[in-house]
Amino acid sequence: MAYGEWDHGLFGCLSNPFVCIMAYLLPCYVFGQLAYKNDRSCLKYGVLFFCPVVNCVLLYKFRMATVAKKDIKTTCLPEALKVGLCTCCAMVQQATEEMEDPKAMDMGRS
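Thresholds applied
Chains are numbered independently. Their residues run from 1 in the order of the written sequence. Note on the predicted model: pLDDT of at least 70 is required for a residue's local features to be given, and 80 or more for side-chain atom pairs to be given and counted; whole-chain, interface and lining totals, by contrast, use all residues. Side-chain metrics in this entry use all non-hydrogen atoms of the structure; hydrogen atoms and water are not considered. Elements are defined by DSSP. Helices are runs of H or I of four residues or more, strands are runs of E of two residues or more, and each kind is numbered from the N terminus. The cut-offs for exposure are 20% and 50% of the maximum accessible area for each residue type, with area from a 1.4 Å probe on protein chains only; residues under the lower value are buried, those over the upper are exposed, and the others partly exposed. Pairing of aromatic side chains here covers Phe, Tyr and the six-membered ring of Trp, requires ring centres within 6.5 Å, and sorts the geometry by plane angle: under 30 degrees stacked, over 60 edge-to-face, intermediate tilted. In what follows, salt bridge is the name for a side-chain nitrogen of Lys or Arg lying within 4 Å of a carboxyl oxygen of Asp or Glu. In this analysis, axes come from line fits to C-alpha atoms, helices being fitted only over the stretch in contact, and the angle between any two N-to-C directions falls in the range 0 to 180 degrees. In what follows, roughly perpendicular refers to angles from 65 to 115 degrees, roughly parallel to angles under 35, roughly antiparallel to angles over 145, and oblique to any angle outside these ranges. Contacts are residue-level and defined by heavy atoms, with any inter-residue pair within 4.5 Å sufficient. When residues are sorted by character, Ala, Val, Leu, Ile, Met, Phe, Trp, Tyr, Cys and Pro go into the nonpolar class, Asp, Glu, Lys and Arg into the charged class, and all the rest, Gly among them, into the polar class.

Peer 1: I'm lost on the environment of Met 91 in this one. Help?
Peer 2: For Met 91, the position within the fold is in helix H6 (residues 87-99). Taking relative accessible area as the criterion, Met 91 reaches 1% and is therefore assigned buried.

Below is the structure:
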């Protein structure tokens, strides 16, 4: 991985098959996990996933938070296009990236 880049490619779904399968079968679960990683309610945001425009806006906000946290060199437009045109792949990429964070992707609360 080069500094300032995503560790996992946008279409690298199979780098973590579990996350890929979960994102395609239960996207609300993965979305809730991304919310939890951003100190939001996993359940509340998992339900919000079913609101068509709201889910893309929130996923974009979570994605930009990950970009800032990981110091990934990108701009708003490419990330917005990824979320808008390839939502599931963007969600898998971000979830896989977040799994490397010490705060594990699980439903547990501290």
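Peer 1: Is there a simple way to think about the packing of aromatic side chains in this case?
Peer 2: Ring pairs (aromatic) are described by centroid distance and by the angle formed between their planes. Under the defined criterion, the tally for this structure stands at four aromatic pairs. Taking the centre distance of 5.4 Å and the plane angle of 55° together, the rings of Phe 31 and Phe 49 count as tilted. On the criterion of sequence distance, the pair formed by Phe 31 in helix H2 (residues 27-37) and Phe 49 in the loop between helix H3 (42-48) and helix H4 (52-70) is long-range, its members being 18 residues apart. As far as the burial class goes, Phe 31 and Phe 49 line up, both buried. Among the aromatic residues, ring-to-ring pairing joins Phe 31, Tyr 45, Phe 49, Phe 50 and Phe 62 into one connected group.

Peer 1: Any chance you could explain the pattern of salt bridges here in plain terms?
Peer 2: Side chains that differ in charge, positive against negative, can pair when their charged atoms come close. Scanning the model with the defined rule gives five salt bridges in all. Note that Lys 37 and Glu 98 form a salt bridge whose closest N and O atoms lie 4.0 Å from each other. Of the two residues, Lys 37 sits in helix H2 while Glu 98 sits in helix H6, which places them 61 residues apart along the sequence. Residue class for Lys 37 comes out buried when judged on its relative accessible area of 5%. What makes Glu 98 buried here is its relative accessible area of 0%.

Peer 1: Hey, could you run me through the packing of helix H1 (residues 17-25) against H2 in this one?
Peer 2: Pairs of packed helices are described in terms of their axes, by the angle between the two and the distance that separates them. Orientation of H1 relative to H2, taken along the N-to-C sense of each, is 115°, at an axis distance of 5 Å. Comparing the axis directions of H1 and H2 gives the class roughly perpendicular. Side by side, H1 and H2 meet where Val 19, Met 22, Ala 23, Tyr 24 and Leu 25 of the first sit next to Pro 27, Tyr 29 and Val 30 of the second. Here the residues of the contact of H1 with H2 sort into eight nonpolar, no polar and no charged.

Everything listed is a geometric property; what it means functionally is a separate question.
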